[in-house]
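Examination of the molecular architecture
Letter by letter, the chains look like this.
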Amino acid sequence: MATDIKSKQTFLWQGTDRRGNKSRGEIDGVSQALVKAQLRKQGINPTKVKKKPKPLFGGGKKKITPLDIAFFTRQLATMIKSGVPLVQAFEIVADGLDHIAFKELVLTIRNDIAGGDSFAGAIRKHPLYFDDLYCSLIASGEDSGSLETMLDRVATYKEKTEALKSKLKKAMKYPIAVVTVAVIVTGILLVKVVPQFQEIFTSFGAQLPAFTLFVIGLSEIVQAYWFIVLAVIFALVAGFNRLMKTSESFRHNFERLTLKLPVAGPIIQQSALARYARTLSTTFAAGVPLISALESVADATGNIVYKEAVLKVRDDVSTGQQLQFSMRATGVFPAMAVQMVAIGEEAGSLDEMLDKVATYYEDEVDTQVDSLTSLMEPIIMSVLGVLVGGLVMAMYLPIFQLGNVV
């Protein structure tokens, strides 16, 4: 059985090969003695072996992201489909990873499977990285003897889901970044630049324009209370984050509000529909009963309005009602999605129709995110022009009127 990965360390070595040529490299091992023995088996005469020093910051470990899990699932699916045994597939994946924490996770799962645990049982020990839906699908694949097919479906599901999240983040990052820069630039102008002009204006001995006086007054307020302004901003951000994590009612009300936003609302709605269709298609195709699949789908939608709607659909379906009628009764699913589901139910190809619905709404999200980005650019430029240009104009108005003063 493989040595526990937690006891292994990385060593740097130098030595000579059978021809006397100098070589060096890295190798994982438990101790210097065992590393030297391993090198000799490979035909290398080690002259120097030492532990690899840890990086100064962060201990060399990065956080494992859902995108890492998606990439890992795709690699595993490809190798299992090629006929590579499961334990060996884990070893191959681990050897190609530079992500230390993720490599440890993969090898830990490998060790559990090699020790007799099932694939689903091994990953259930790591709920931080593998949710109930992921584990249930893998367990379904193992029970039905179609693990390679299930891994391919799970990999596709994870890839599509992460791509959708990436599109939503793309829609939000750009305007937030630009507005943040605009606020910082405005603050610097008010604190550093405006006071310099104020000293010049004092020597004019004339009445300043109202706009200039307003900007000077704003500058004096910011200089006197900038720390309070920053404290209030940080307090609001921290308070919002805390309420989102601790207050279920606040989070639910916020999620309902986001659906009503003029531009972002439709994107959020379509992303929730895409997640609903993608998750239900994957679980139903895996042979999960519809009622159980709907329970898993509810949390995957990412919005309380759609979560409640899916749970209502589950209750209706459990009483014998068709999925299409249950979806229509909630009032939150578009007619197109309901009609596609109806066709799928009648034709016995519900999973295929749901997959097409998911693809349609994912494409819609992609298109609307690009449109939103194009729309936001002139708006953001206008806001920047008003903020920065307004401050500059306020400072130069008295100079333009200098001839009248003289």
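Before any of the text, the structure's been laid out above.
Every value quoted in this text rests on a predicted model; they were computed, and no experiment measured them.

**A few points about the overall build of the protein**
Scanning the protein from N- to C-terminus turns up 16 helices and 3 strands. Among the 406 residues that make up the protein, the fraction classed as buried is 37%. Of all intrachain contacts in the protein linking residues separated by at least 6 positions in sequence, the fraction that spans at least 24 positions is 58%. Looking at charge distribution, the protein has the averaged site of its 44 positive side-chain charges lying 10 Å from that of its 39 negative ones.

**A few points about the pattern of salt bridges**
All told, the structure shown has 13 salt bridges when counted by the stated rule. Across the pair arginine 278 and glutamate 362 runs a salt bridge whose closest N-O atoms are separated by 3.0 Å. Within this pair, whereas arginine 278 is found in helix α10 (residues 264–285), its partner glutamate 362 is found in helix α15 (residues 350–400), the two being separated by 84 residues in sequence. For the residue pair arginine 278 and glutamate 362, the accessibility class agrees, reading buried in each case. Among the ionic contacts, a cluster of salt bridges with common partners joins Arg74, Lys81, Asp152 and Glu159.

**Overview of the packing of aromatic side chains**
This model, assessed by the stated rule, comprises 10 aromatic pairs. For the pair phenylalanine 240 and phenylalanine 250, a centre-to-centre distance of 5.9 Å together with 75° between the ring planes defines the contact as edge-to-face. Within this pair, whereas phenylalanine 240 is found in helix α8 (residues 210–246), its partner phenylalanine 250 is found in helix α9 (residues 248–258), the two being separated by 10 residues in sequence. With a relative accessible area of 28%, phenylalanine 250 lands in the partly exposed category. An angle of 75° between the planes, with centres 5.0 Å apart, marks the rings of tyrosine 360 and tyrosine 361 as edge-to-face. Connected via pairs of aromatic rings, a cluster forms that spans Phe72, Phe90, Phe102, Phe119, Phe130 and Tyr134.

**Re the pairing of strand β1 (residues 9–16)**
Sheet topology places β1 next to strand β2 (residues 22–29); 8 bridges connect them, and they run antiparallel. Residue threonine 10 lies in a different strand from β2, and its bridge partner there is aspartate 28. A loop of 5 residues connects β1 with β2, the two strands running antiparallel in sequence, and glycine 20 in this loop sits at a positive phi of about 85°.

**A short note on the sheet that holds strand β3 (residues 45–51)**
The 3 strands are arranged β2-β1-β3 in an open sheet whose pairing can be described as antiparallel. A strand with exactly one partner marks an edge of an open sheet, and here the two such strands are β2 and β3. Pairs of neighbouring strands in the sheet enclose a mean axial angle of 25°, with direction left out of account. Examined bridge by bridge, β1 and β3 share 6 bridges and lie antiparallel to one another.

Rules of the game
- Residues numbered from 1 in each chain as written.
- Predicted model: local features only at pLDDT ≥ 70, side-chain atom pairs only at ≥ 80, totals over all residues.
- Heavy atoms only, no water.
- Helix = DSSP H or I, 4+ residues; strand = E, 2+ residues; numbered from the N terminus.
- Buried < 20%, exposed > 50% of the residue type's maximum accessible area, 1.4 Å probe, protein only.
- Contact = heavy atoms within 4.5 Å.
- Lys, Arg positive; Asp, Glu negative; His and termini not counted.
- Charge placed at Lys NZ, Arg CZ, Asp CG, Glu CD.
- Salt bridge = Lys/Arg side-chain N within 4 Å of Asp/Glu carboxyl O.
- Phe/Tyr/Trp six-rings, centres within 6.5 Å; stacked < 30°, edge-to-face > 60°.
- Pairing = 2+ DSSP bridges.
- Axes fitted to C-alpha atoms, helices over the stretch in contact; angles between N-to-C directions.

In short, shape yes, function no, at least from these values alone.
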